[in-house]
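Notes for the structure review
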Amino acid sequence: MIPTHAAELTLAADADAIAVAVAAVLDHCRDWTVPEDALFQIELGLTEALNNIVQHACTAPSQPTVLIALRYNGRTLDLTLSDPGTAMTTPPAPDLPAALDEGGRGWFIIYACFDEVIYTRHAAENHLTLRKLLPLEAH
Amino acid sequence: MTLQDTSLPPSDADCWTPSGRLVMANADAARRDVLEHLDAAGGRLVLDLSGVSFMDSSGLAVLIAALKAAQGRNGKVVLCGLNTNLRALIELTRLHQVFDIYPDRATAQAQLR
């Protein structure tokens, strides 16, 4: 029977906290033997998602906390990011901007790195689940 | 992140050599730094990314800012030294269609002359 692994961590909604949080997520992934060749996409897509939260959702000076809930069952890795910031009114289209536009690539990268991207809002919180389907590992 | 390796010989004044992570937390400073280097290099600059371990879309924005600034003064910006992951990001976002990319600094510098 393949065990299900779970963990939670929190970070301040601050740009400087993102790298530390992402590194902690990757440590869990390695401990749970998530395939090594998936780790870069996890790092990149998660970084972009946290960037968005810090830049757009949690802009108040009070620096709210973001919760990252991880769950891995040997086939599916779910990263659920929860924050109390501004709601996302319309899911952004996963398109690239014009070549020389400096911004606007974050969501395209997120959608490219994960197989499913699920947004919900309840109890005045945003919940963004980034789901990656992985090859079934021998346990 | 270290924005410039000051141990390089003077002849590499046409290179910008960031190191570490090029991400949202340091992108504003990196943008100012690369534009200063571009100006000092007369508008022709190699962005040597061999010391960059990870980059996000904020880092891409820094590269694009440099490219646009160079184009605005009939200059040139080229990239070199991309590791596998940086190369994957550049290709994912189709910026390999926008930037000239070379394997190493010497090859890139030759393109500026």
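Given the structure is predicted, the values throughout are model-derived calculations rather than measurements.

How each quantity is defined
Residues numbered from 1 in each chain as written. Chains lettered and ligands numbered in written order. Predicted model: local features only at pLDDT ≥ 70, side-chain atom pairs only at ≥ 80, totals over all residues. Heavy atoms only, no water. Helix = DSSP H or I, 4+ residues; strand = E, 2+ residues; numbered from the N terminus. Buried < 20%, exposed > 50% of the residue type's maximum accessible area, 1.4 Å probe, protein only. Contact = heavy atoms within 4.5 Å. Areas by Shrake-Rupley, 256 points an atom, 1.4 Å probe, with all protein chains shown as cover. Lys, Arg positive; Asp, Glu negative; His and termini not counted. Charge placed at Lys NZ, Arg CZ, Asp CG, Glu CD. pLDDT = per-residue confidence, 0-100. Buried area = accessible area lost by both parts, 1.4 Å probe. Salt bridge = Lys/Arg side-chain N within 4 Å of Asp/Glu carboxyl O. Polar contact = N/O pair within 3.5 Å; in protein donor to acceptor, adjacent residues only side chain to side chain. Nonpolar A, V, L, I, M, F, W, Y, C, P; charged D, E, K, R; others polar.

Further remarks concern the overall build of chain A. Each helix and strand in chain A was counted, giving 3 helices and 5 strands. Across chain A, helices and strands are ordered from the amino to the carboxyl terminus as β-α-α-β-β-α-β-β. Counting only C-alpha atoms and orienting by the principal axes, one finds that chain A spans roughly 45 × 35 × 25 Å. Burial statistics for chain A: of 139 residues in total, 44% are counted as buried. Long-range contacts, defined as pairs at least 24 residues apart, comprise 66% of the intrachain contacts of chain A with a sequence gap of at least 6. Just so you have it, chain A exposes about 6,700 Å², and 53% of that area is on carbon and sulfur atoms. Across chain A, the centroid of the 7 positively charged side chains sits 6 Å from that of the 18 negatively charged ones.

To continue, consider the confidence of the model for chain B. Looking at chain B as a whole, the pLDDT averages 92, with 91% of positions reaching at least 70. Both scores are given for the predicted complex: the pTM is 0.92, the ipTM 0.92.

Further remarks concern the interface of chain A and chain B. Facing 22 residues of chain A, the contacting portion of chain B comprises 24 residues. Buried surface at the junction of chain A and chain B, both sides included, amounts to about 1,900 Å², of which 68% is carbon and sulfur. It is A:Phe40, A:Leu100 and A:Glu102 in chain A that bury the most area against chain B; as a group they hold 35% of the surface buried on that side. Inspection of the chain A/chain B interface yields 3 salt bridges. Among the ionic pairs, A:Glu102 bridges to B:Lys68, the shortest N-O distance being 3.5 Å. Scanning the region where chain A abuts chain B turns up 6 residue pairs in polar contact (both at pLDDT 80 or more). The element that contributes the greatest number of residues to the side of chain A that touches chain B is helix H2 (residues 39-57) of chain A, accounting for 8 residues. Looking at side-chain class alone, the side of chain A that touches chain B contains 12 nonpolar, 4 polar and 6 charged residues.

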